[in-house]
Amino acid sequence: FYRISYFPYHPHMHLAIVRSAFYPELIDEMEGIAMSELINNGIREEDLTISTEPGSFEIPLECKRIIETKKIDGIIAIGIIIQGETHHAEEIARGCTDGIMQVQLEKNIPIIHAVLYVSSLAQAKKRISRAEESAKILIEVLSLRSDAT
């Protein structure tokens, strides 16, 4: 993954991280990684909104609420869904992904998908770098958008 060389700080840039409450130790780590990357690229901590939802299925609704009630330029959605013996996790993952896409298209605000759908907790631990990648992607998307304020 490439390193963004420079992201000019915009004094009115406000971002959010919407995260799931499941697997809090890993989610906390992912949040910290994403925040560090955003801050290292010029986003001020006071311009970040953090919201925790009960699970990943609720993330799209919270993204929509935040966009409608706050001045937000972009969001990173963070969650972990682990496949069990039934198809329930697959349904949650699909609903979350479809919901994130629907909200970002409807509201024209980028929502970067960092909701891991994995087979095990060990696999999730190996993929927490997705948080850093997601922060870099959000920065890149916003730097390319001429309407980012």
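Parameters and conventions
Residues numbered from 1 in each chain as written. Predicted model: local features only at pLDDT ≥ 70, side-chain atom pairs only at ≥ 80, totals over all residues. Heavy atoms only, no water. Axes fitted to C-alpha atoms, helices over the stretch in contact; angles between N-to-C directions. Helix = DSSP H or I, 4+ residues; strand = E, 2+ residues; numbered from the N terminus. Parallel < 35°, antiparallel > 145°, perpendicular 65-115°, else oblique. Left-handed = near helix turned anticlockwise from the far one by under 90°. Contact = heavy atoms within 4.5 Å. Phe/Tyr/Trp six-rings, centres within 6.5 Å; stacked < 30°, edge-to-face > 60°. Buried < 20%, exposed > 50% of the residue type's maximum accessible area, 1.4 Å probe, protein only. Core = buried A, V, L, I, M, F, W, Y, C linked by side-chain atoms within 4.5 Å. Pairing = 2+ DSSP bridges.

**Some thoughts on the packing of helix α2 (residues 59–69) against helix α3 (residues 88–107)**
In the contact formed by α2 and α3, the axes pass within 8 Å of each other and the chain directions differ by 20°. Here α2 is positioned roughly parallel relative to α3, judged by the angle of their axes. You can see that α2 and α3 cross each other, and the crossing is right-handed. Across the interface between the two elements, Ile59, Pro60, Cys63, Lys64, Ile67 and Glu68 of α2 pack against Gly95, Cys96, Gly99, Ile100, Val103, Glu106 and Lys107 of α3.

**With respect to the packing of aromatic side chains**
Evaluated as defined, the whole model comprises one aromatic pair. Summarising the aromatic geometry, the rings of Phe22 and Tyr23 are spaced 6.1 Å apart at their centres and angled 50° between planes, so their arrangement reads as tilted. When its relative accessible area of 49% is taken as the criterion, Phe22 is described as partly exposed. A relative accessible area of 30% means that Tyr23 is categorised as partly exposed.

**Looking at the nonpolar core**
Among the nonpolar cores identified, the biggest contains 25 residues, and Leu15, Met30, Ala34, Leu38, Ile76, Ile78 and Ile80 are the most heavily contacted of them. Breaking this core down by element, the ones donating at least two residues are β1 (15–20), α1 (24–40), β3 (74–82), β4 (111–118) and α5 (130–144). Broken down by element, this core gets its largest block of residues, six residues, from α1. Beyond its immediate chain neighbours, meaning those up to four positions away, Leu38 contacts Leu15, Ile43, Leu48, Ile76, Ala135 and Ile139. Membership of the second largest hydrophobic core comes to 19 residues, among which are Ile75, Ile81, Ile100 and Val115.

**Considering the sheet that holds β4**
Pairing between sheet strands relies on hydrogen bonds along the backbone, with the strands arranged either parallel or antiparallel. If you walk across this open sheet you meet the four strands as β2-β1-β3-β4, and the pairing is parallel. Looking at strand neighbours, the two that pair on one side only are β2 (48–53) and β4, the edges of this open sheet. Neighbour-to-neighbour, the strand axes of this sheet turn through a mean angle of 10°, independent of strand direction. As defined by bridge partners, β1 adjoins β2 across six bridges and the pair is classed as parallel. Paired with Leu15 across the strands is Leu48, a residue of β2. Contacts from α2 reach β1, β2, β3 and β4, with the element oriented near 155° to β1. Along the sheet face, α3 touches β3 and β4 and points at about 175° away from the line of β4.

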